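Per-entry structural report
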Number of protein chains: 4
Amino acid sequence: MSEGASRHQSTARIEAFSDGVIAIIVTIMVLELHAPAEAFASGDFNTVLATLGPKLLVYALSFLVVAIMLLNHHMLMRAATHATNALYWWNAYLLFWMSLIPLATDVLGDAPFAPMPVGFYGAILTMNAMGFTFLHRSAACIGDKDGVLDDIHREVVRKNWVSTMIYASTVPLAFVSPYISLAIFVIIPLLYFIPEFTPRLHRN
Amino acid sequence: MSEGASRHQSTARIEAFSDGVIAIIVTIMVLELHAPAEAFASGDFNTVLATLGPKLLVYALSFLVVAIMLLNHHMLMRAATHATNALYWWNAYLLFWMSLIPLATDVLGDAPFAPMPVGFYGAILTMNAMGFTFLHRSAACIGDKDGVLDDIHREVVRKNWVSTMIYASTVPLAFVSPYISLAIFVIIPLLYFIPEFTPRLHRN
Amino acid sequence: MSEGASRHQSTARIEAFSDGVIAIIVTIMVLELHAPAEAFASGDFNTVLATLGPKLLVYALSFLVVAIMLLNHHMLMRAATHATNALYWWNAYLLFWMSLIPLATDVLGDAPFAPMPVGFYGAILTMNAMGFTFLHRSAACIGDKDGVLDDIHREVVRKNWVSTMIYASTVPLAFVSPYISLAIFVIIPLLYFIPEFTPRLHRN
Amino acid sequence: MSEGASRHQSTARIEAFSDGVIAIIVTIMVLELHAPAEAFASGDFNTVLATLGPKLLVYALSFLVVAIMLLNHHMLMRAATHATNALYWWNAYLLFWMSLIPLATDVLGDAPFAPMPVGFYGAILTMNAMGFTFLHRSAACIGDKDGVLDDIHREVVRKNWVSTMIYASTVPLAFVSPYISLAIFVIIPLLYFIPEFTPRLHRN
């Protein structure tokens, strides 16, 4: 059996399913952006801005977080040469926590400066960062084992744990000052903007 | 025509469509997790936990059930060498019952200890287990016919009927004690965690 | 360029997009099946049956209609050897009318025996049957032109026009007696259960 | 590694993800078409037409806009021989603005002749046209560089900037007369009906 065919039978459906779930996660968040119909119809710009503005900004932030996760997911899956049950379940574990991002986005969009919504958003992102680390570890174990890549993987896993820790700190910090946590929510994605596997990308 | 091309024309679109529907089923359940906006904004942790807690646990259970079904669906479709109308319709029959899992999840999440929601959830899972058995039988009939695989299939179909029966028992049991049925809902997925076709997976 | 590659570049994305839209159409209908939470929690079986029963039956009917359309869509796309702009737009035209099936299902599920909901459901199905006929004609024009297939196509297009006419008749008939139209809604899918292209399927 | 395999690893998942998001965008708009249940049940045709009519027309317009964007997206992605991070992010940028089309459609459908909803719809379409121009520029840069294609690309990018400008004009014009902006919303898609890359399509 050719390499292409065996890959198709192994990781293709996991990738397709993940892409599907992530596509729905991204788009479902828009359904929560209930537009203030009366304010729009009557031309009340201030009410529109006050109700829609924060929700749109939080949605944009979550969209960026999910887009970064998807890009890294693409890179990560390329590392796995074939599917295993462990890979399937760590991927499902990650998708479970990703599927709660729309809920956390909705909660944060409703009250973006209240401690508990900020803490809840931080807790969900913490679980996502942790889930990503587990999936990365699992994918790296079944990938090809050349010394160079192993070093990259070890570095990425270390970087993932650091960002998991930083996200975890936003939960208690939200009750000190929501603004610190919100700042962290914005800064972390910007640091991740450059994807993990950049060298591997150019190697192909 | 090569084997790869003929497979693409036969089961590929059934698989892609199933993956799409299952991805949506999983994610649509999140839309029913209406967050208590006021309790979140005012920091009322007890209300948040009381309204969101049970719903999140039931969602996690349904997510696990659907993830197990998807994994087994992947394995099962690998057994089918080409698509037939029977396979298409048994698959559609299964997807119909899977599409009702979000409804049952919503109902159970609203009142997780009331007899009728528990019975309804059990009834929907019974129909799903039955649908899976029918699809398995259909896929096995058109798969390659070597003695070893047939024995595996016979064993899997037997195992499926047993779990269908156990799920069916949760419907009357819910009216005796919802807790017994809830325990069964949790135990059955854990037994299925190891997928059906494990030997075949490693054969490739 | 190989035949496989050229097909991938031509109809693959149209098929993938159609599968995606149809998967969402099927599953979105479930979101309209609002379960009566209080009746479920209090164990009021009659209220549950009265509110959920008709909606579930109408949903099952729409699910069957969409599943038949999807199966025929698979067959039909196999006839087209490559994509054209005409094929893309007739497909988009069909998907537009298919996307209104959840709306018609919701309307009919709320009042299954009232003339206007029945007529509305009939009108949407008429537009779908017509859209399917147009798409079929477009796909057949760019398919391979051997005499046998042309006869099949001519027969299928004729059959499609007949069912379009029958669906169209349900709109005025709904205002005479909704029950006649409802009977037609049930009978037509059963006649279509055996897909159009059966001979072609076995030819490959 | 063959060209087909390397393309699969590069743009295939971007295309699949885009198709998924666009399929959901199209279908999610239907969820906002809340049917007036009482008017339907009581057969009040005028109320049905008054509440559902404008929403259906705006939905049809948005469906056409998204279908044109999808077709051009297919053409555009064919120009890119492999994926880059820039392509991924310009695509994500476009999808972000596309994901707001359902929101703008909902707002416009509720009050199709009020200045602010018309202006909001125009603003979202402006951002989409701009996003498309950026993505086109990015895809053309990594496509094959023969003189003929470059000229086509330059022409397309120029055409895109013109339509971006026209869309941008609908925002202030909505506050002069919503009818002018609405006319532009209808005319622009008709001009785009013939896709950008038509010569390239026939080249393959």
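As the structure is a computational prediction, the values presented were derived from the model and not from experiment. (Residues numbered from 1 in each chain as written. Chains lettered and ligands numbered in written order. Predicted model: local features only at pLDDT ≥ 70, side-chain atom pairs only at ≥ 80, totals over all residues. Heavy atoms only, no water.)

Quick word on the overall build of chain A
Counting its regular elements, chain A contains ten helices and zero strands. Secondary structure of chain A in N-to-C order comes out as α-α-α-α-α-α-α-α-α-α. Here chain A holds 204 residues, and 60% of them are scored as buried. In chain A, of all internal contacts separated by at least 6 residues, the share reaching a separation of at least 24 is 79%. Carbon and sulfur atoms make up 70% of the accessible area of chain A, which totals about 7900 Å². (Helix = DSSP H or I, 4+ residues; strand = E, 2+ residues; numbered from the N terminus. Buried < 20%, exposed > 50% of the residue type's maximum accessible area, 1.4 Å probe, protein only. Contact = heavy atoms within 4.5 Å. Areas by Shrake-Rupley, 256 points an atom, 1.4 Å probe, with all protein chains shown as cover.)

Looking at the packing of helix 4 (residues 85–98) of chain B against helix 6 (residues 115–142) of chain B
Residues and elements named next belong to chain B. With their axes 9 Å apart at the nearest point, helix 4 and helix 6 run at an angle of 165° to one another. It follows that helix 4 is roughly antiparallel to helix 6 by the angle criterion. Between helix 4 and helix 6 the crossing geometry is left-handed. When helix 4 is examined against helix 6, the residues A86, L87, W90, N91, Y93, L94, W97 and M98 are found in contact with a partner set consisting of I124, M127, N128, G131, F132, F134, L135, S138, A139 and I142. Broken down by class, the residue content of the contact of helix 4 with helix 6 amounts to 14 nonpolar, four polar and no charged. (Axes fitted to C-alpha atoms, helices over the stretch in contact; angles between N-to-C directions. Parallel < 35°, antiparallel > 145°, perpendicular 65-115°, else oblique. Left-handed = near helix turned anticlockwise from the far one by under 90°. Nonpolar A, V, L, I, M, F, W, Y, C, P; charged D, E, K, R; others polar.)

Structural notes on the layout of surface pockets
The volume enclosed by the second largest pocket comes to roughly 860 Å³. Lining the second largest pocket are 38 residues; nearest its centre among them are A:H34, B:L31, B:H34, C:L31 and C:H34. Elements represented by at least two residues in the lining of the second largest pocket include exactly helix 6 (101–110) of chain A, helix 1 (3–31) and helix 5 (101–110) of chain B, helix 1 (3–31) and helix 5 (101–110) of chain C together with helix 2 (12–31) and helix 6 (101–110) of chain D. With four residues, the top contributor of residues to the lining of the second largest pocket is helix 6 of chain A. Its residues assigned to classes, the lining of the second largest pocket shows 22 nonpolar, four polar and twelve charged. (1 Å grid on protein atoms, 1.4 Å probe; cavity = no way out; pocket = protein on both sides within 12 Å on 5 of 7 lines; lining within 4 Å. Points joined across faces, edges and corners; volume = space filled by probe spheres on them.)

Notes on the relation of the copies chain D and chain A
Screw-axis analysis of chain D against chain A gives a translation of 0.0 Å along the axis, an RMSD of 0.0 Å, and a rotation angle of 90°. Here the transformation between the copies is reduced to the relation of a four-fold axis. Taking C-alpha positions as the reference, the residue of chain D nearest the rotation axis is D:G20, at 4.4 Å. A share of only 7% of the interface residues of chain D reappears at the interface of chain A, consistent with the copies meeting through non-equivalent patches. (Least-squares fit on C-alpha atoms with pLDDT ≥ 70 in both.)

Some details on the relation of the copies chain C and chain D
Turning chain C through 90° and shifting it by 0.0 Å along the axis lays it on chain D, with an RMSD of 0.0 Å. Taken as a fraction of all interface residues of chain C, those also at the interface in chain D reach only 11%, which identifies the copy contact as different-surface.

A word on the interface of chain C and chain D
On the chain D side, the residues contacting the 28 residues of chain C number 40 residues. In this assembly, chain C packs against chain D so that about 2900 Å² is buried in total across both faces, 74% of it on carbon and sulfur atoms. Looking only at chain C, the three residues that lose the most surface to chain D are C:R13, C:W89 and C:M116, adding up to 27% of its buried area. Put simply, chain C and chain D have zero salt bridges between them. At the junction of chain C and chain D, the tally comes to three residue pairs in polar contact (both at pLDDT 80 or more). Of all the secondary structure elements, the ones that give two or more residues to the side of chain C that touches chain D are helix 1, helix 4 (85–98), helix 5 and helix 6 (115–142) of chain C. Among the elements that take part in the side of chain C that touches chain D, helix 1 of chain C stands out by supplying eleven residues, more than any other. Partitioned by chemical class, the residues of the side of chain C that touches chain D number 21 nonpolar, four polar and three charged. (Buried area = accessible area lost by both parts, 1.4 Å probe. Salt bridge = Lys/Arg side-chain N within 4 Å of Asp/Glu carboxyl O. Polar contact = N/O pair within 3.5 Å; in protein donor to acceptor, adjacent residues only side chain to side chain.)

Comments concerning the pattern of salt bridges
All names here are of chain A. Scanning all chains against the criterion turns up four salt bridges over all chains. Across the pair K55 and D110 runs a salt bridge, and its minimum N-O distance is 3.3 Å. Taken together, the residues K55 in helix 4 (residues 45–79) and D110 in helix 6 connect sequence positions 55 residues apart. Owing to a relative accessible area of 39%, D110 belongs among the partly exposed residues under this scheme.

Some words on the interface of chain D and chain A
Counting residues at the interface gives 28 residues for chain D and 38 residues for chain A. Here chain D meets chain A over a buried area of about 2900 Å², counting both sides, of which 74% is carbon and sulfur. Put simply, chain D and chain A have zero salt bridges between them. At the junction of chain D and chain A, the tally comes to three residue pairs in polar contact (both at pLDDT 80 or more). Those elements giving two or more residues to the side of chain D that touches chain A turn out to be helix 2, helix 5 (85–98), helix 6 and helix 7 (115–142) of chain D. With ten residues, the single largest contributor to the side of chain D that touches chain A is helix 2 of chain D.

Remarks on helix 4 (residues 45–79) of chain D
Relative to the 51 Å expected for 35 residues at 1.5 Å per residue, helix 4 of chain D spans 49 Å between its end C-alpha atoms, a close match to the ideal helical length. The largest bend in helix 4 of chain D amounts to roughly 35° and is located at D:L52, with the proline D:P54 lying one to four residues further along. (Expected span 1.5 Å × (residues − 1). Bend = angle between axes of the 7 residues up to and from the residue.)

Some words on the confidence of the model for chain A
Residues and elements named next belong to chain A. Averaged over every residue, the pLDDT of chain A is 83; the share at 70 or more is 86%. Predicted confidence in chain A is weakest over helix 10 (residues 198–203), with a mean pLDDT of 42, and strongest over helix 6, with 93. Below a pLDDT of 50 lies the segment residues 195–204, which in the model reaches 28 contacts outside its immediate sequence neighbourhood of four places, other chains included. The ipTM value of the predicted complex is 0.85, and its pTM value is 0.87. (pLDDT = per-residue confidence, 0-100.)

Quick notes on the side chain of A:N128
Along the polypeptide, A:N128 turns up in helix 7 (residues 115–142). Of note is the side chain of A:N128, whose polar atom sits 2.9 Å from the backbone oxygen of A:I124.

Looking at the environment of B:T105
As for its placement among the helices and strands, B:T105 is situated in helix 5. Spatially, the C-alpha atoms of B:T105 and B:Y192 are 19 Å apart, while their sequence positions differ by 87 residues.

Quick look at the packing of helix 4 of chain A against helix 5 of chain D
Helix 5 of chain D packs onto helix 4 of chain A with a crossing angle of 145° between their chain directions and a minimal axis gap of 11 Å. The handedness of the crossing between helix 4 of chain A and helix 5 of chain D comes out as right-handed. On helix 5 of chain D, the residues that touch A:Y59, A:A60, A:F63, A:L64, A:A67, A:I68, A:L70, A:L71 and A:M75 of helix 4 of chain A are D:N85, D:Y88, D:W89, D:A92, D:L95 and D:F96. When the residues that make up the contact of helix 4 of chain A with helix 5 of chain D are grouped by side-chain class, the tally is 14 nonpolar, one polar and no charged.

Here's the deal with the environment of C:F132
Take C:F132: it is sitting in helix 6. It is 40 Å that separates the C-alpha atoms of C:F132 and C:F40, two residues lying 92 residues apart in sequence.

Topic: the environment of B:A123
Mapping B:A123 onto the fold places it in helix 6. Taking the C-alpha atoms as reference, B:A123 lies 30 Å from B:T47; in sequence the two are 76 residues apart.

Concerning the side chain of C:T164
Residues and elements named next belong to chain C. Looking at the element boundaries, T164 is found in helix 7 (residues 147–176). Looking at T164, the relative accessible area reads 1%, which means it is buried. When residues no more than four places from it in sequence are discounted, the contact partners of T164 are T126, A129, M130 and T133.

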